[in-house]
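# Chains, contacts and geometry: an overview
Here is how the chains run, residue by residue.
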Amino acid sequence: MVTAKVVIRNLTGLHLRPAGILCNKAILYKSRIQFRTDDDATANAKSVLSVLGACVKSGDEIEFICEGEDEQEALDSMIRVVEEGLGE
């Protein structure tokens, strides 16, 4: 299991379009990919409904938790897609 924290920088947070981009990236990996929010809620990064339900806003810090055979590659990819702005 590997983890890393990242801050959501896009102004609108994880609304539908960035949530979809995040999920589309996550489903490329075999590992289980989740993230935890500041209030200890956990979301499945492969589920748009789960990501939207986490209500992540701009400036919130999330912690990705990846577990599986390609966990490090998955974690690096999740961090990169967030830092690139999730398409915005």
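Reading the values: the criteria
Residues numbered from 1 in each chain as written. Predicted model: local features only at pLDDT ≥ 70, side-chain atom pairs only at ≥ 80, totals over all residues. Heavy atoms only, no water. Core = buried A, V, L, I, M, F, W, Y, C linked by side-chain atoms within 4.5 Å. Buried < 20%, exposed > 50% of the residue type's maximum accessible area, 1.4 Å probe, protein only. Helix = DSSP H or I, 4+ residues; strand = E, 2+ residues; numbered from the N terminus. Contact = heavy atoms within 4.5 Å. Patch = residues over 30% accessible without salt bridge, like charges linked within 9 Å, V, L, I, M, F, W, Y side chains within 5 Å. Areas by Shrake-Rupley, 256 points an atom, 1.4 Å probe, with all protein chains shown as cover. Salt bridge = Lys/Arg side-chain N within 4 Å of Asp/Glu carboxyl O. Lys, Arg positive; Asp, Glu negative; His and termini not counted. Charge placed at Lys NZ, Arg CZ, Asp CG, Glu CD. Axes fitted to C-alpha atoms, helices over the stretch in contact; angles between N-to-C directions. Parallel < 35°, antiparallel > 145°, perpendicular 65-115°, else oblique. Left-handed = near helix turned anticlockwise from the far one by under 90°. Nonpolar A, V, L, I, M, F, W, Y, C, P; charged D, E, K, R; others polar.

### Quick look at the nonpolar core
- Leu 14, Leu 22, Ile 33, Phe 35, Phe 64 and Val 82 are the most contacted members of the largest nonpolar core, which has 26 residues in total.
- Secondary structure elements with two or more residues in this core: strand S1 (2–7), helix H1 (16–26), strand S2 (32–36), strand S4 (61–67) and helix H3 (71–83).
- Among the elements that line this core, the one with the most residues is H3, at six residues.
- Ignoring any residue separated from it by four or fewer positions in sequence, one finds Ile 33 in contact with Ala 26, Ala 43, Asn 44, Ala 45, Lys 46, Phe 64, Ile 65, Cys 66, Ala 74 and Met 78.

### Re the environment of Asp 70
- The residue Asp 70 is located in the loop between S4 and H3 in this model.
- Distance from Asp 70 to Met 1, taken between C-alpha atoms, is 10 Å for residues 69 residues apart in sequence.
- Excluding residues that lie within four positions of it along the chain, Asp 70 makes contacts with Tyr 29, Lys 30 and Ser 31.

### Structural notes on the environment of Arg 80
- Assignment of secondary structure puts Arg 80 in helix H3.
- Along the chain, Arg 80 and Val 6 lie 74 residues apart, while their C-alpha atoms are 9.6 Å from each other.

### What to know about a negative patch on the surface
- A cluster of acidic residues, Asp 38, Asp 39, Asp 40 and Glu 61, forms a negative patch at the surface.
- Among the secondary structure elements, Asp 39 is positioned in the loop between S2 and strand S3 (42–44).

### Focus on the packing of H1 against H3
- In contact at an axis separation of 10 Å, H1 and H3 are set at 155° when each is read in the N-to-C sense. Here H1 is positioned roughly antiparallel relative to H3, judged by the angle of their axes. Crossing geometry of H1 relative to H3 is assigned as right-handed. Between H1 and H3, the residues in contact are Ile 21, Leu 22, Lys 25 and Ala 26 and Ser 77, Met 78, Val 81 and Val 82, respectively.
- Here the contact of H1 with H3 is composed, by residue class, of six nonpolar, one polar and one charged.

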